Amino acid sequence: MGAVPSTPRNGGSFSQDTVEYLVGTFVGDKSFPLSSEFWQKLLELPFNLQWPTDRVHQACELLAKNNYHTRHLAKILFHLACYLQESMSTSGVAPSVYEKAVNAVYITSVFVKHLIENAPGDNIKLYLSLDESEVIPKDILGAQSIENFVMRNVLDFISSVDMSPSTYLLHLELLNFMLIAMSTQLLCGPSPGPTDVNPFLDAAMAQDSSLVNSVVRRLVQNYIARPGFPFNRGSYSIFSEGSQTSVLQRVGSAAANFVLLPFSYLISSRSDGSRSPLAESSLHVLLVLIHYHKCVMSESYTTSVNNNSAASDLPLKENTYFSDNPYCKALENATDLELDRVDVEGNVHVGPHVKLPFALLFDTLGLCLADETAVLLLYSLLQGNSAFLEYVLVRTDLDTLLMPILEALYNVSTRTANQIYMLLIILLILSQDSSFNASIHKLILSGVPWYKERLLHQTSLGSLMVIILIRTVQYNLSKLRDVYLHTTCLATLANMAPHVHRLSAYASQRLVSLFDMLARKHNKLAELRDNKLQIAKGNFIEGNSLVEDMSTELQIYTDFLRLVLEILNAILTYALPRNPEVVYAIMHRQEVFQPFRNHPRFNELLENIYTVLDFFNSRLDAQRVDGDWSVDEVLQVIIVNCRSWRGEGMKMFTQLRFTYEQESHPEEFFIPYVWQLVLSRCGFTFNPGAINLFPVDLPTQKLENGVMESTLQNSDFEKPEYQLDP
């Protein structure tokens, strides 16, 4: 059984028959031990011959059928880990070692993906354990499971082996293998449960902290460095221009879309010189790792169930908890490479923290925020890592981050709802800091070329932020009608309000127009509700339900109107002398406030606005001249009298301050969101019918390339194939 199968050759080179026979043996029903020379022969294949699509599919189906008996998947994973260990040797590594490791990760990725996405229900059967009778060479496995052995070596290689022309391809394919191995999450429900099966993810979480820190550091470094392919296609035989489509390239384009290989990158990267497959894959792996949360059954609940206690009848969610995520902790505790970790007493902390080049990371994010994955990384850093947040807040070039964020919100109609939420939450987090709110008004933009409605010349970054937030509210009011989005925009404006400095004329006008727009919506709802009240008298049950719904919506818009009035009040109370344009805008549209002057929710706030109006109207009246006032003349009177403004008669209200806090179970949003992003960008597809993590529109059933599924026999292949807290 340990002998290697005979492999027909043609002129000393691998023939199509050789490839067919070796792969057929791998997926067949005969089990070969770890020590067999068969594995060496299999992983020496150059894989530069073509396969028809249906043969690739047959191979995967046969392995799925026979793997329980042969355990060939576990064995090739074992050899992959061994070659990775050998490739990390401090002495010289032969090129053939890298080639065998690449071949092993190719083959493994193909079959692991098929087994995962074709698992019946969520019952994943990879059969990763070896038979007790299996003789393990040099006993290098020890007490480890196969998945732990593989993930430890994959992560060790990624984090410790430098990038070079000879290792780049292996780095890239190991990252893609990790995505495939971790895709078991796609079979789980949107709410993580204690019965979820994620063997490779759990193995990654079980690694020691030093390896975890090294992995996080390397993945972020890859993202920052954005390395391109460091070789010409001709330098690798599998990329030779004259060669046929390789077997595994064929696998990548097969009907089942088994695995992403670098060939598609080589083609697509030509149209975008800035694209880095390795940087993208590194970010995808990092996002999956930091947002994974393993749901664990509490020990007391397990004991109660075993004892048939009444406690076992309690809801399942109340008897589970989430284990700590070491990758998330590593990123949250990362510090700036340029600074020692110093506490308030000046004591240096020498702990095993990840050190990252914050300056380069800041600049890289600024260049990449058009991509949703970069937005999610920025959110994860700002929300979780206080050191990075502090670093961002002291940067004098905040436009590096804010301009792409504001441009993305300007093009809101082309963005997903989740991306809009992430962008707005980032702005809300930043606006919690008073120094941020002050500094953005000191940074003057010479122009904003992407803003088409009006020429914005010499506008402050703060004024632009006010304009874009109000524009987002307008879009939401007409299209999305999302209360949370409204609230987040207004909360950010409220945080900014006391620190506004020389708000531009256009931003000031938009602020007053925002009140007018919400007032119109409020009045329309009030009118409709009153009409429904009349109708409700004839149909008590149905009518009352309609009235209740409309009253709820009216209350929401009443709260929004009050919040806008509080924003205006904060500017007038704390920053009026610095904002003559705001005073002008309020005076110019003062009639919009009149209908609400006696409203019980608004009268206190409107008293302050009318105190300001009375003061400046009286100054204008005192200087009245014949004919109409020009805009410049009115503004000049306001500017002069701003100097003498003392705020007499103004009621002081507590400054509003909104902070962002994640929901108690953020994983229910972030895990599906991360995988939606990964699948939309990584280049390989996943069987939509197997995805339980998020809703998927199933395609209509059709024949793929005319190939129909068939029942196979073993012999077939052996023939020549978040919350807001004010």
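Residues numbered from 1 in each chain as written. Predicted model: local features only at pLDDT ≥ 70, side-chain atom pairs only at ≥ 80, totals over all residues. Heavy atoms only, no water.

Caption draft 1: Here's a closer look at the overall build of the protein chain. Along its length, the protein chain carries 28 helices and twelve strands. Here the protein chain, with 726 residues, has 52% of them falling under the buried criterion. (Helix = DSSP H or I, 4+ residues; strand = E, 2+ residues; numbered from the N terminus. Buried < 20%, exposed > 50% of the residue type's maximum accessible area, 1.4 Å probe, protein only.)

Caption draft 2: Seen up close, unusual backbone geometry. Positive phi values are uncommon outside glycine, yet Arg71 reaches one of about 55°. Following the sequence through the fold, Arg71 ends up in the loop between α3 (53-70) and α4 (72-87). Located in the positive-phi region is Arg226, a residue other than glycine, with phi close to 50°. When you line up the elements, Arg226 lands in the loop between α9 (209-225) and α10 (247-252). Judged by relative accessible area, which is 24%, Arg226 ranks as partly exposed.

Caption draft 3: Region of the structure containing the packing of aromatic side chains. Under the definition given, this model contains 26 aromatic pairs. With a centroid separation of 5.1 Å and 45° between ring planes, the pair formed by Tyr410 and Tyr451 is classed as tilted. One end of the pair, Tyr410, is in helix α18 (residues 399-410); the other, Tyr451, is in the loop between β9 (444-447) and β10 (457-460), with 41 residues separating them in the sequence. Both residues of the pair, Tyr410 and Tyr451, count as buried. Members of the aromatic cluster, joined through ring pairs, are Phe26, Phe32, Phe38, Trp39 and Phe111. Seen from the ring of Tyr610, Arg597 lies directly overhead, with NZ or CZ sitting 3.6 Å from the centre. Between Arg619 and the ring centre of Phe615, over which it is positioned, the NZ or CZ distance is 3.8 Å. (Phe/Tyr/Trp six-rings, centres within 6.5 Å; stacked < 30°, edge-to-face > 60°. Lys NZ or Arg CZ within 6 Å of the ring centre and 35° of its normal.)

Caption draft 4: The arrangement of empty space enclosed by the protein in detail. If you add up the space inside the largest cavity, you get close to 120 Å³. Along the walls of the largest cavity sit 15 residues, with Pro192, Asp196, Asn198, Tyr292 and His293 positioned nearest its centre. The residue inventory of the lining of the largest cavity, partitioned by class, reads seven nonpolar, five polar and three charged. (1 Å grid on protein atoms, 1.4 Å probe; cavity = no way out; pocket = protein on both sides within 12 Å on 5 of 7 lines; lining within 4 Å. Points joined across faces, edges and corners; volume = space filled by probe spheres on them. Nonpolar A, V, L, I, M, F, W, Y, C, P; charged D, E, K, R; others polar.)

Caption draft 5: The pattern of salt bridges, seen in detail. For the coordinates displayed, the defined rule picks out 16 salt bridges. Measuring nitrogen to oxygen at the nearest pair gives 3.9 Å for the salt bridge that ties Glu44 to Lys100. Within this pair, whereas Glu44 is found in the loop between α2 (38-43) and α3, its partner Lys100 is found in helix α5 (residues 95-117), the two being separated by 56 residues in sequence. Overall, the relative accessible area of 33% leaves Glu44 in the partly exposed class. The residue Asp516 makes a salt bridge to Arg520 at a minimum N-O spacing of 3.3 Å. Of this pair, Asp516 and Arg520 are both found in helix α23 (residues 505-536), four residues apart, which corresponds to roughly one turn of the helix. In the salt-bridge network here, residues are joined through shared partners; they are Asp516, Arg520, Arg589 and Glu591. (Salt bridge = Lys/Arg side-chain N within 4 Å of Asp/Glu carboxyl O.)

Caption draft 6: Structural detail: helix α15 (residues 358-368). By the burial criterion, the buried members of α15 are Phe358, Leu361, Phe362, Thr364, Leu365, Gly366 and Cys368. Contacts from the buried residues of α15 go to α9, β5 (335-336), β8 (355-356), α16 (372-384), α17 (386-394) and α18. (Contact = heavy atoms within 4.5 Å.)

Caption draft 7: Main features of the nonpolar core. One finds Phe26, Leu42, Leu289, Tyr327, Leu365, Phe593 and Phe616 to be the most contacted residues of the largest nonpolar core, which totals 235 residues. Discounting residues that sit within four places of it in the chain, Leu289 has contacts with Met178, Met182, Leu201, Ala204, Met205, Val215, Leu219, Asn325 and Tyr327. (Core = buried A, V, L, I, M, F, W, Y, C linked by side-chain atoms within 4.5 Å.)

Caption draft 8: Layout of the environment of Pro326. Structurally, Pro326 is set in helix α14 (residues 326-332). Spatially, the C-alpha atom of Pro326 lies 9.9 Å from that of Val216, the residues being 110 residues apart in sequence. Once you skip the residues sitting within four places of it in the chain, Pro326 turns out to touch Met205 and Val212.

Caption draft 9: Quick look at the environment of Glu667. Among the secondary structure elements, Glu667 is positioned in helix α28 (residues 667-681). C-alpha separation for the pair Glu667 and Tyr292, spaced 375 residues apart in sequence, amounts to 7.3 Å.

Caption draft 10: Layout of the environment of Leu155. Residue placement: Leu155 occurs in helix α6 (residues 146-160). Residues Leu155 and Met178, spaced 23 residues apart in sequence, show a C-alpha to C-alpha distance of 9.2 Å. Those residues in contact with Leu155 that sit more than four places away from it in its chain are Met178, Ala204, Gln207, Leu211, Val215 and Tyr327.

Caption draft 11: Up close: the packing of helix α12 (residues 277-291) against α28. At a minimum axis separation of 10 Å, α12 and α28 run at an interaxial angle of 165°. Put simply, α12 runs roughly antiparallel to α28. For α12 against α28, the interelement crossing comes out left-handed. Together, His284, Leu287, Val288 and His291 of α12 and Phe670, Ile671, Val674, Trp675, Val678 and Arg681 of α28 make up the contact between the two elements. For the contact of α12 with α28, the residue count by class is seven nonpolar, two polar and one charged. (Axes fitted to C-alpha atoms, helices over the stretch in contact; angles between N-to-C directions. Parallel < 35°, antiparallel > 145°, perpendicular 65-115°, else oblique. Left-handed = near helix turned anticlockwise from the far one by under 90°.)

Caption draft 12: Representation of the side chain of Thr459 within the structure. Checked against the element boundaries, Thr459 lands in strand β10. Non-local contacts of Thr459, meaning those with residues more than four positions away in its chain, are made with Leu443, Ile444, Leu445 and Leu464.

Caption draft 13: Molecular detail of the confidence of the model for the protein chain. In the predicted model, the protein chain carries a mean pLDDT of 83, and the fraction of residues at 70 or more is 80%. Segment residues 1-12 is flagged for pLDDT under 50; beyond a separation of four residues in sequence, or across chains, it makes 27 contacts in the model. Every residue in residues 700-726 scores below 50 in pLDDT, and together they form 63 contacts with partners more than four places removed in sequence or on other chains. (pLDDT = per-residue confidence, 0-100.)

Caption draft 14: How the structure looks around helix α7 (residues 168-182). Taking 1.5 Å per residue as the helical rise, α7 with its 15 residues ought to reach 21 Å, and the 21 Å between its terminal C-alpha atoms agrees with that figure. Within α7, 15 of the 15 residues are buried, which leaves it mostly tucked inside the rest of the structure. (Expected span 1.5 Å × (residues − 1).)

Caption draft 15: Main features of the packing of α18 against helix α19 (residues 417-431). At a minimum axis distance of 10 Å, the contact between α18 and α19 shows a crossing angle of 140°. In terms of orientation, α18 lies oblique with respect to α19. Along this stretch, α18 crosses α19, giving a crossing that reads as left-handed. Counting all contacts with α18, which are made through Leu402, Ile405, Leu406, Ala408 and Leu409, the residues of α19 involved are Ile420, Leu423, Leu424, Ile426, Leu427 and Leu430.

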